[in-house]
Amino acid sequence: LPTSELSLIARIRSLARGRSAALRVGIGDDAAVLLLPPGSEALVTTDFSLEGTHFRREWHPPESVGHRCLARGLSDIAAMGGDPRAAFLSLALPAGVPQSWVDGFLRGLLRLASRYKVPLAGGDIAESPAGVCADIVVLGSVPSGQALLRSGARPGDVIYVTGQLGISAAVLHALLDGRKVSPKSKNAAPHFWPEPRIAVGRTLRGLATAAIDISDGLSTDLTHLCQESGVGALVREYSIPRGVSFQGSSLHYALHGGEDYELLFTAPAKARVPEKLAGVRITSIGEIIADAKRRLYLTDSHGQRKPLIAAGWQHLASK
Ligand SMILES: [Mg+2]
């Protein structure tokens, strides 16, 4: 380890000194003690960020790796309509990782954490035999019975997405092609600095019938939602909000590219869904249909219907 485990924990503890109404006891005891609002249920999600699979140290600055690590967990809480309450980080570092890298990683993670008022409430540190491995656990809460599930979509519901899709995958493919992409470029921000849609998720309680975050790509995540709801879906190709600010973005990336961390949700056709929620554009892209085989279809601008097959997002591992 770059510094001894104890001094690294002391360092994290001093950096993570954030106040939160939910956190009664944080780093420094055997377990965190958290107080959730009365009448709420706890949400717990866990996500790996693995070097070589989710990021590369030569492409992603440590601040971006830390930001993306926490964003993955916050996005899952957003997809449930919840409020994040605390984060826990287990970090395995190979020998020889510079202290400056670890500091940058924590800086990026804690900057995002403080914006969402989520205290880093505990975790673990170990030496990794291979690359950097970060496991983030985010604890959230939601008023009892109001969590947005994947299983609530019904035939006739309209399908919506937040923001724009495909930029993160377009940036990743540019990097894989050996092109330089500056992490400071505003156009590449959805890849390096994705914004979890916490505020949008909160407004979807009582409005959406089902929701999921788009971490693996629209085709894959809509498939998950349809599987859980026991329905099919019809998506209008020309309605998909393609991210066009990054050169190389395309319909393919908007349909199949992962790590956008936008929300996909359904609502009854008669529900009033505004054009923007919490300042984020909302686009209707299709509808839920009755289909025992839970198939997905894509309709082109000529009205031609073709099957939409989930092109599973394999991150960097398959490249
Ligand atoms: Mg998710």
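As the structure is a prediction and not an experimental result, all values here were calculated from the model. Think of each chain on its own: its residues are numbered from 1, step by step along the sequence as written. For this predicted model, a pLDDT threshold of at least 70 governs which residues receive local features, and a threshold of 80 or more governs which side-chain atom pairs are given and counted, while totals over whole chains, interfaces and linings are taken from all residues. For side-chain calculations, the full set of non-hydrogen atoms in the structure is used, while hydrogens and water are omitted.

**Structural notes on the overall build of the protein**
And then number 1: Here a helix means four or more residues in a row that DSSP labels H or I, a strand means two or more in a row labelled E, and each is numbered from the N terminus. Scanning the protein from terminus to terminus reveals 8 helices and 14 strands.
And then number 2: The globule rule puts the C-alpha radius of gyration for 319 residues at 20 Å, and the 20 Å found for the protein is close to it.
And then number 3: Overall size of the protein, expressed as C-alpha extent along the three principal axes, is 60 × 50 × 35 Å.
And then number 4: Out of the 319 residues in the protein, the part that is buried amounts to 53%.
And then number 5: Any two residues having at least one pair of non-hydrogen atoms within 4.5 Å are treated as being in contact. Looking at the protein alone, contacts between residues at least 24 apart form 85% of all its contacts between residues at least 6 apart.
And then number 6: Summing over all exposed atoms, the protein offers an accessible surface of approximately 14200 Å²; the carbon and sulfur share of this is 51%. In this description the radius of gyration comes from C-alpha coordinates, and the expected globular size is given by 2.2 Å times residues to the power 0.38. Buried, partly exposed and exposed residues are distinguished by accessible area as a fraction of the type maximum, computed with a 1.4 Å probe on protein chains only: under 20%, between the cut-offs, and over 50%, respectively. Where accessible areas are quoted, they stem from the Shrake-Rupley method and a 1.4 Å probe; at the residue level, only the protein chains shown are allowed to cover.

**Observations regarding the coordination of the magnesium ion**
And then number 1: Counted as coordinating are nitrogen, oxygen and sulfur atoms within 2.8 Å of the metal, or 3.2 Å for Na, K and Ca, while water is not included, which may make sites look incomplete. Looking at the magnesium ion, the protein donor atoms are D76 (OD) and D213 (OD), and they sit 2.1 Å from it. Residue D76 is found in helix α2 (residues 62–79), and its partner D213 is found in strand β8 (residues 210–214); the two are separated by 137 residues along the sequence. Side by side, D76 and D213 carry an identical accessibility label, which is buried.

**Description of the environment of A95**
And then number 1: Its location among the elements puts A95 in the loop between β4 (83–93) and α3 (99–115).
And then number 2: Dropping the residues within four chain positions of it, A95 is found in contact with E127 and S128.

**Quick word on the packing of α2 against α3**
And then number 1: Fitting a line to C-alpha atoms yields each axis, with helices limited to the stretch in contact; the angle taken between N-to-C directions then spans 0 to 180 degrees. Put simply, α2 and α3 touch, their axes get as near as 6 Å, and they point 40 degrees apart. Of the possible angle classes, the one that applies to α2 and α3 is oblique. As for how α2 packs across α3, the hand of that crossing is right-handed. For the pair α2 and α3, contact is made by P62, E63, V65, G66, H67, C69, L70, A71 and L74 and by W101, G104, F105, R107, G108, L109, R111, L112, A113 and R115, respectively.
And then number 2: In this count, Pro and Cys sit with the nonpolar residues alongside Ala, Val, Leu, Ile, Met, Phe, Trp and Tyr, while Asp, Glu, Lys and Arg are called charged and the others, Gly among them, polar. Classifying every residue of the contact of α2 with α3 gives 11 nonpolar, 4 polar and 4 charged. Under this scheme an angle from 65 to 115 degrees is roughly perpendicular, one under 35 degrees roughly parallel, and one over 145 degrees roughly antiparallel; angles in between are oblique. Crossing handedness is defined as follows: a turn of the near helix away from the far one that is anticlockwise and smaller than a right angle gives a left-handed crossing, while the clockwise case is right-handed.

**Brief notes about helix α4 (residues 167–176)**
And then number 1: Extensive coverage of α4 is indicated by the burial of 8 of its 10 residues.
And then number 2: Turning to α4, its buried residues are I167, S168, A169, A170, V171, L172, A174 and L175.
And then number 3: Each element contacted by the buried residues of α4 is listed here: α5 (189–192) and α8 (251–256).

**Things to note about the environment of R85**
And then number 1: Tracing the backbone through its elements, the reader meets R85 in strand β4.
And then number 2: In contact with R85, not counting residues within four places along its chain, are S20, A22, L34, L36, P37, V118, P119, L139, G140 and S141.
And then number 3: Polar contacts, as counted here, are pairs of nitrogen or oxygen atoms within 3.5 Å of one another; within protein the pair requires one atom able to donate a hydrogen and one able to accept it, and residues that are adjacent in sequence qualify only if both atoms are side-chain atoms. Within the structure, R85 has its side chain in polar contact with the side chain of S141 (distance 2.8 Å).

**Topic: the packing of aromatic side chains**
And then number 1: Working definition: rings of Phe, Tyr and Trp (its six-membered ring) pair if their centres are within 6.5 Å, and the pair is stacked with planes under 30 degrees apart, edge-to-face with planes over 60 apart, and tilted otherwise. Within the structure shown, the criterion is met by 3 aromatic pairs.
And then number 2: Here F55 and W101 contribute two aromatic rings whose centre-to-centre distance is 6.4 Å and whose plane-to-plane angle is 25 degrees, an arrangement assigned as stacked. Residue F55 is located in the loop between β3 (40–50) and α2, and its partner W101 is located in helix α3; the two are separated by 46 residues in the primary sequence. When sorted by exposure, F55 lands in the same class as W101, which is buried.
And then number 3: Taking 5.6 Å as the distance between ring centres and 20 degrees as the angle between the ring planes, the aromatic pair formed by W101 and F105 counts as stacked. Remark: F105 and W101 occur in helix α3; sequence separation between them is 4 residues, near one turn of the helix.
And then number 4: In textbook terms, an aromatic cluster arises when at least three aromatic residues are bridged by ring pairs, as seen for F55, W101 and F105.
And then number 5: We call a charge positioned above a ring when the Lys NZ or Arg CZ atom is no farther than 6 Å from the ring centre and deviates by at most 35 degrees from the ring normal. Directly above the aromatic system of W101 lies the positively charged group of R57, at a separation of 6.0 Å from the ring centroid.
And then number 6: Of note, R305 hangs over the ring of Y297, and the distance from its end group to the ring centre comes to 5.1 Å.

**Considerations on the nonpolar core**
The nonpolar side chains of soluble globular proteins are, as a tendency, buried together.
And then number 1: By size, the foremost hydrophobic cluster in this structure holds 51 residues, and its most contacted members are L70, L89, W101, F105, L204 and F265.
And then number 2: Every residue in contact with L89, bar those within four places of it in the chain, is listed here: C69, F105, L106, L109, L120, G122, G123, D124, A134, D135 and I136.
And then number 3: We define a nonpolar core as any set of buried Ala, Val, Leu, Ile, Met, Phe, Trp, Tyr and Cys residues linked to one another through side-chain atoms lying within 4.5 Å. Counting residues in each nonpolar core, the second largest holds 23 residues, with V161, A233, I288 and L298 among its members.

**Brief notes about the sheet that holds strand β5 (residues 120–127)**
And then number 1: Between any two strands, pairing holds if DSSP finds at least two bridges. Read from one edge of the open sheet, 4 strands run β3-β6-β4-β5, paired in mixed fashion. In the strand order of this sheet, the two ends are held by β3 and β5, each with one partner. Shown here is a sheet whose adjacent strand axes are inclined to one another by a mean of 15 degrees, direction ignored.
And then number 2: As paired strands, β4 and β5 are joined by 7 bridges and run parallel to one another. Bridge assignment links A87 to a residue of β5, and that residue is L120.
And then number 3: Of the strands in this sheet, β4, β5 and β6 (133–143) touch α3, which is tilted by about 170 degrees from β4.

**A short note on the state of the cysteines**
And then number 1: Two cysteine sulfurs form a disulfide in these notes if their separation is within 2.5 Å. The tally for this structure, following the rule as stated, stands at 0 disulfides.
And then number 2: Left unpaired, C69 is separated from the closest cysteine sulfur, that of C133, by 9.4 Å.
And then number 3: What makes C69 buried here is its relative accessible area of 0%.
And then number 4: Its relative accessible area of 22% is what places C133 among the partly exposed residues.

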